[in-house]
Amino acid sequence: MSRRLSVLACLVTTTLMTALTAAPAQAAATYENTDYVALGDSYSAGAGAPDQSGLCLRSVFAYPAQWVNKNHPHSYTNIACYGATIDSMRLTQMIALSDKTDLVTVTIGGNDAGFGPVVISCTLVSDSGCESIVDVAHDYVTDVLPGKLDAAYRDIRAHAPNADVVVLGYPVLFDTTSENCGFAGMDIAKRKMINVGDNDLNDIIRDRARAAGFTYAEVRDNFGGRGICANGAWINGLTVLPPTDSFHPTQTGYTDGYLPALVDAL
């Protein structure tokens, strides 16, 4: 090889090695200047996972906290709260946002749609009674919820004008492959009805988030085959101690269901 070719080969090799060795350091520093705020309801607070604290039931295993532990942003505030509705979020949580906020994540709308009460009510009535309950929730989700979501998303944008906003959906609650899963009063027919309602809710949230110019993070596929009644479910069924864990992801659900969805969305 000529001296000129040898020098060129050396330069190419050096450039490639520099790029390869610099890439991990660059990735690790991606979020070091990011101010991150998590908004929303119990699915962002981390209800259902261990080590919850306070009235809002925030857990160190919530997907926002797990993302922070891996990415080390400049600042992190989780103001999400168990039981939050769209109205309560707009009233009490916008204070955490500012023009310095770089990243916002949010789950909201499940309590407005009556997530938990629909499931509980369906266990107490016939299949036809459950269908009526789901129909009422469906009417609310399709007729009322879109406008309320639009208003909430406008609020977020107004309070955090420079932020990337990721709206995460909800998992479909039930597995429907087993005839009897030990969930009293919840046969396959009822589980399927509730799942249809869950999908409708997610589709509305997805469409309104995208209309607002936000990123929608889909979690349904990650939870596929891991709903309540499945072996190794990632969603808690009806629990007694504490009852607030009911119908929320387990620690694994947040780690393997929600966290990858957020990572993929960024």
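Scroll up for the structure.
This write-up is about the structure you can find in this document.

Definitions and cut-offs
- Residues numbered from 1 in each chain as written.
- Predicted model: local features only at pLDDT ≥ 70, side-chain atom pairs only at ≥ 80, totals over all residues.
- Heavy atoms only, no water.
- Axes fitted to C-alpha atoms, helices over the stretch in contact; angles between N-to-C directions.
- Helix = DSSP H or I, 4+ residues; strand = E, 2+ residues; numbered from the N terminus.
- Parallel < 35°, antiparallel > 145°, perpendicular 65-115°, else oblique.
- Left-handed = near helix turned anticlockwise from the far one by under 90°.
- Contact = heavy atoms within 4.5 Å.
- Buried < 20%, exposed > 50% of the residue type's maximum accessible area, 1.4 Å probe, protein only.
- Polar contact = N/O pair within 3.5 Å; in protein donor to acceptor, adjacent residues only side chain to side chain.
- Lys, Arg positive; Asp, Glu negative; His and termini not counted.
- Salt bridge = Lys/Arg side-chain N within 4 Å of Asp/Glu carboxyl O.

This part takes up the packing of helix α5 (residues 115–123) against helix α8 (residues 188–211). Running from N to C, α5 and α8 point in directions that differ by 165°, and their axes come no closer than 11 Å. Taken together, the axes of α5 and α8 lie roughly antiparallel to each other. Considering the relative orientation of α5 and α8, their crossing is right-handed. Residues Phe 115, Val 118, Val 119, Cys 122 and Thr 123 of α5 lie in contact with α8, whose contacting residues are Lys 190, Ile 194, Asp 198 and Leu 201.

Moving on to the side chain of Asp 155. Here Asp 155 shows up in helix α7 (residues 145–159). Assessed through its relative accessible area of 18%, Asp 155 is described here as buried. Of note is the side chain of Asp 155, whose polar atom sits 2.9 Å from the side chain of Arg 90. If we skip the residues at most four places from it in the chain, Asp 155 touches Arg 90 and Met 94.

This brings us to the side chain of Asp 198. Tracing the backbone through its elements, the reader meets Asp 198 in helix α8. No salt bridge forms around the buried Asp 198; measuring N to O, its nearest opposite-charge neighbour Arg 220 is 9.0 Å away.

On to unusual backbone geometry, then. Here the bond from Leu 241 into Pro 242 is cis, since omega is -10°, no more than 30 degrees from zero. When you line up the elements, Pro 242 lands in the loop between β7 (215–217) and α9 (251–265). In this structure, Asp 51 is a non-glycine residue whose phi angle is positive, near 60°. Position of Asp 51 among the secondary structure elements: in the loop between α2 (42–45) and β2 (52–53).

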